[in-house]
Amino acid sequence: MFVLRPATEQDAAKIRHLVNIGKINPTGLKWQRFMVVESPQGEVIGCAQVKSHGDGSDELASLVTHPDWRGQGVARALIEHFSENHPGDLYLMCRSSLGPLYEQFGYQTVPTDELPRYFQRIQRMLGLFERLRDDGEGVLVMKRLANT
Ligand SMILES: CC(C)(COP(=O)(O)OP(=O)(O)OC[C@H]1O[C@@H](n2cnc3c(N)ncnc32)[C@H](O)[C@@H]1OP(=O)(O)O)[C@@H](O)C(=O)NCCC(=O)NCCS
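**Student:** Would you explain the environment of M93 in this entry?
**Tutor:** With respect to the element layout, M93 can be found in strand β5 (residues 90–95). Judged by relative accessible area, M93 falls into the partly exposed class, the value being 21%. Spatially, the C-alpha atom of M93 lies 6.7 Å from that of V139, the residues being 46 residues apart in sequence. Leaving out residues up to four positions away in the same chain, M93 has contacts with E59, F119, I122, Q123, L126, V139, L140 and V141.

**Student:** Any chance you could explain empty space enclosed by the protein here in plain terms?
**Tutor:** Counted by the stated rule, this structure contains one cavity of 30 Å³ or more. Considered as a void within the structure, the largest cavity measures approximately 30 Å³ in volume. Along its surface, the largest cavity is lined by F82, S83, H86, G88, L90, R144, L145, A146 and N147. Of the residues contributing to the lining of the largest cavity, the split by class is four nonpolar, four polar and one charged.

**Student:** Explain unusual backbone geometry to me, please; I cannot follow it from the model alone.
**Tutor:** Leave glycine aside and you will find that most residues have negative phi; peptide bonds, for their part, are mostly trans. Its identity as a non-glycine residue notwithstanding, K23 has a phi of 55°, on the positive side. With respect to the helices and strands, the residue K23 is situated in the loop between α1 (12–22) and β2 (34–38). For S62, which is not glycine, the phi torsion reads 60° and is therefore positive. Structurally, the position occupied by S62 is in strand β4 (residues 58–65).

Each value, and the rule that gives it
- Residues numbered from 1 in each chain as written.
- Predicted model: local features only at pLDDT ≥ 70, side-chain atom pairs only at ≥ 80, totals over all residues.
- Heavy atoms only, no water.
- Helix = DSSP H or I, 4+ residues; strand = E, 2+ residues; numbered from the N terminus.
- Buried < 20%, exposed > 50% of the residue type's maximum accessible area, 1.4 Å probe, protein only.
- Contact = heavy atoms within 4.5 Å.
- 1 Å grid on protein atoms, 1.4 Å probe; cavity = no way out; pocket = protein on both sides within 12 Å on 5 of 7 lines; lining within 4 Å.
- Points joined across faces, edges and corners; volume = space filled by probe spheres on them.
- Nonpolar A, V, L, I, M, F, W, Y, C, P; charged D, E, K, R; others polar.

Printed below as a string of structure tokens:
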């Protein structure tokens, strides 16, 4: 149906395109860190990466499924891949409406005072903009503990 594989340099533009379609953070899209999902026709239909931050925390980021492929387990395959293959704890940031999606995969919301410095800073910055939004959505930082 579809396959998961490490990204290559040829995927860099396709990853940027997916991230634009998904309307998520377009910065720090180093293809070397990405896994992509490929359709039977060879199109890149999903992607995600793990970013490492200066405070030692790692973030599951840039998760997008092409709109034509949503609801068919593409994000599930990517989330499960990183859960199984990433050696340490993993954080992620998401709109609050996506919290239940990630809870299914063992992620739990982290209280602000327990966040690594990087996420505290971003959450503070985003908090300033949240007041300007009209959809009532906040941002969650969630964490999945390393497999033991
Ligand atoms: C969020 C997104 C990545 C989900 O991708 P997907 O490939 O459709 O997800 P899957 O089909 O693998 O679904 C996995 C599980 O999450 C659930 N899920 C999917 N989208 C969801 C949503 N918007 N809200 C709540 N749960 C959701 C599914 O029900 C599924 O559970 P199930 O297997 O028990 O039915 C996709 O909608 C997307 O690209 N959105 C735009 C970019 C974005 O917001 N990325 C997340 C940044 S934090």
